[in-house]
Amino acid sequence: MWYLILGRDRPDSLAARLAARPAHLARLESLRDAGRLLLAGPLPATDAEDPGPAGFTGSLIVAEFEDLAAARAFADADPYVAAGVYAEVEVMPFRRVLP
């Protein structure tokens, strides 16, 4: 089943986000390579592709996991969590309809 993972950044987390980004992306690439990643990306703090020093308000991941517990375990082990980037993380089932 698909699950949505929404991480919300804590204030002033841009430096920690940038430092943890390579490890964060490596985990997402492993999901992609296994055919389990639908989409993933950051949420810019401004209406711009590159928000510059304004940074990001969070990240969104939609990926396939065996169950909700597995999705939560994946989210809890995210390098952004370990680095203190996220103030909170929500994990919920997602039903893909389109496309």
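Whatever comes next refers back to the structure up there.
Reference entry: report on the structure contained in this document. (Residues numbered from 1 in each chain as written. Predicted model: local features only at pLDDT ≥ 70, side-chain atom pairs only at ≥ 80, totals over all residues. Heavy atoms only, no water.)

### Describing the packing of aromatic side chains
Taken as a whole and assessed by the stated rule, the structure comprises three aromatic pairs. Considering the side-chain rings of Tyr80 and Tyr86, the 5.6 Å spacing of their centres and the 85° angle between planes classify their relative orientation as edge-to-face. Comparing Tyr80 with Tyr86 shows no difference in burial state: the two are buried. An aromatic cluster of three or more residues is present, and its members are Tyr3, Phe65 and Phe74. (Phe/Tyr/Trp six-rings, centres within 6.5 Å; stacked < 30°, edge-to-face > 60°. Buried < 20%, exposed > 50% of the residue type's maximum accessible area, 1.4 Å probe, protein only.)

### Observations concerning the environment of Glu64
As for its position among the elements, Glu64 is in strand 3 (residues 56-64). Using a relative accessible area of 32% as the deciding quantity, one classes Glu64 as partly exposed. For the pair Glu64 and Leu4, spaced 60 residues apart in the sequence, the C-alpha separation amounts to 8.9 Å. (Helix = DSSP H or I, 4+ residues; strand = E, 2+ residues; numbered from the N terminus.)

### Things to note about the pairing of strand 1 (residues 2-9)
Summarising burial for strand 1: seven of the eight residues are buried, a large majority. With seven bridges joining them, strand 1 and strand 3 adopt antiparallel strand pairing. Bridge assignment links Ile5 to a residue of strand 3, and that residue is Ile61. Where strand 1 lies against strand 4 (residues 86-94), eight bridges are found, and the strand directions are antiparallel. The residue of strand 4 that forms the bridge with Asp9 is Tyr86. (Pairing = 2+ DSSP bridges.)

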